[in-house]
Amino acid sequence: MPLGYTLDFSVVLDALPTLLWGCAGTIGLALAGMALALVIGIGGVVLRGSKHRPLRSAVIVFVELIRNTPFLVQIFFLFFALPNIGLVLNPTVTAIIALGLNGGAYAIEIIRGGVQSIDKGQVEAGLALGLHKGQVFRMIVLKPALRAIYPSLTGQFIMLTLTSSICSAVSAYELTSVAQRIESETFRSFEVYFTITLMYLAISWLLMTGFSVFSRRYFLYPTR
Amino acid sequence: MGNSFGLGELGFLIQGLKWTVLLAVIAFIGGGIGGLGVALARTSTSWGLRRITAGYIAVFQGTPLLMQLFVIYYGLGLVGLTLPAWLAVAIAFTLHASAFLGEIWRGAIEALPKGQFEAAKALGLHYVPRMRDVILPQALRIALPATIGFLVQLIKGTSLAAIVGFIELARAGQIVSNQTYAPLLVFTVVGAIYFALCWPLSLYGTHIENRISRTAR
């Protein structure tokens, strides 16, 4: 320890309510991002299997662009690009869009793997039983595919939650930007960041538990 | 530097790119060494070693990379180590990479058929030659696609050093963007440079993955 420096967590305790609101912000941001990512993921898979080549190519280009550039650059780009097309949004909404696009690109790849794992015969059997195309997609393709990819998809969602800390760069309302404000007022950098690191750990454990509880309820049906 | 995006600005971005590449290389080498240790400890017979490294991995996989950077960056200062910024950041990335590579390689070691371990033991190979000559060469081959995938993550992750003020590619982009008032152009160029760095690696990773799954059949 350098002379004269003593750890002082009292500033953190004083700011605890603010930090807990930041946690709520992070969870909200992450859940909204996940929902958007799931929509983009499923939509992307449908487009990826389209008859039209330009649509298929557009999805591939989107996935490769997102997966091979840093999230920080993506969110900066969106932050400056959206106003240019006339969309002036608050930073938190911009952050949700950025998280959704980023998570969506990964979700497309993951869900596609799951859909490919469905046996063609199952689809044909469903159609032969007189189910509509929509019912076949929902009940025979999507649900088993979701169950097959559930571990990798939820793992990706946890990563997305951790990635949301980068949204502080555009000052979206979430835990890291709340912490940065407290840090700049108190100069207790280590204490503040150490505490919110533990909070992030708690949030990811909470989500993991939630995901496994959900899977035990939703995917509870015989496999064979 | 002037007020428009020209060769000078591009040169400044390339300077930043040098640091991005250097950080990623240091972290990958350091993380490779650390990750090997973590993977061996995770698959060792010692309960204590397995628990400690499992905790290490859980913490680094359960917290944002940005927080790891902050805590290690300020933490090193607290324990009286006044390191240059690049070194503090490199240490943080190395610890991060050790956890992730350790977990990837643990999975690969455990994916090998048990017979490989038993045969090596039956041939009288001790731990070091058993690991070095039999287990690790096969495990690393299985783990190659995931390892390359993580390298891409790591290159993208170095952009977070920008937030602690270290001037690598992303931070250089922010500076140029503030000077030229052309954020869209600048971040397009910055994104394109990252893409040019990461995409070939991603393609190579997919290529190896396909080859491995074909030979496995």
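Residues numbered from 1 in each chain as written. Chains lettered and ligands numbered in written order. Predicted model: local features only at pLDDT ≥ 70, side-chain atom pairs only at ≥ 80, totals over all residues.

Draft legend 1. Molecular detail of the overall build of chain B. Check the secondary structure of chain B and you find eight helices and zero strands. When the elements of chain B are put in sequence order from the N terminus, they spell out α-α-α-α-α-α-α-α. Taking the principal axes of the C-alpha coordinates as reference, chain B spans close to 70 × 50 × 25 Å. Burial status across chain B gives 38% buried among its 217 residues. The contacts in chain B between residues at least 6 apart in sequence include a share of 73% that link residues at least 24 apart. (Helix = DSSP H or I, 4+ residues; strand = E, 2+ residues; numbered from the N terminus. Buried ≥ 20, exposed ≤ 12 C-beta atoms within 10 Å, placed from the backbone. Contact = placed C-beta atoms within 7 Å.)

Draft legend 2. Fine view of the interface of chain A and chain B. At the junction of the two partners, chain A supplies 31 residues and chain B supplies 30 residues. Mapped onto the side of chain A that touches chain B, the elements with two or more residues apiece are helix 3 (53-67), helix 4 (71-84) and helix 9 (189-218) of chain A. Considering each element in turn, the side of chain A that touches chain B owes the most residues, 10 residues, to helix 9 of chain A. Each residue belonging to the side of chain A that touches chain B can be placed in one class, and the counts come to 21 nonpolar, eight polar and two charged. (Nonpolar A, V, L, I, M, F, W, Y, C, P; charged D, E, K, R; others polar.)

Draft legend 3. Quick look at the nonpolar core. Judged by nonpolar contacts, the single largest core of 103 residues is most densely connected at Leu72(A), Ile75(A), Leu69(B), Val89(B), Leu160(B) and Val190(B). With 13 residues, helix 4 (residues 85-111) of chain B is the largest single contributor of residues to this core. Among residues more than four places away in sequence, those in contact with Val190(B) are Val73(A), Leu13(B), Leu169(B), Ala170(B) and Gly173(B). (Core = buried A, V, L, I, M, F, W, Y, C linked by C-beta atoms within 7 Å.)

Draft legend 4. How the structure looks around the packing of helix 1 (residues 7-42) of chain B against helix 4 of chain B. Residue and element names in this part refer to chain B. Packing of helix 1 against helix 4 brings their axes to within 6 Å, and their N-to-C directions diverge by 45°. As the angle between them shows, helix 1 and helix 4 are arranged oblique. Considering only the axes of helix 1 and helix 4, their crossing is right-handed. Looking at the contact of helix 1 with helix 4, its residues break down into 15 nonpolar, eight polar and two charged. (Axes fitted to C-alpha atoms, helices over the stretch in contact; angles between N-to-C directions. Parallel < 35°, antiparallel > 145°, perpendicular 65-115°, else oblique. Left-handed = near helix turned anticlockwise from the far one by under 90°.)

Draft legend 5. Spatial organisation of helix 7 (residues 133-163) of chain A. All names here are of chain A. An ideal rise of 1.5 Å per residue puts 45 Å on 31 residues; helix 7 reaches only 37 Å between its terminal C-alpha atoms. Of all the bends in helix 7, the largest measures some 65° and sits at Tyr 150, one to four residues before the proline Pro 151. Considered for burial, the residues of helix 7 that qualify are Ile 140, Ala 145, Ile 149, Leu 153, Gln 156, Phe 157, Leu 160, Thr 161, Leu 162 and Thr 163. (Expected span 1.5 Å × (residues − 1). Bend = angle between axes of the 7 residues up to and from the residue.)

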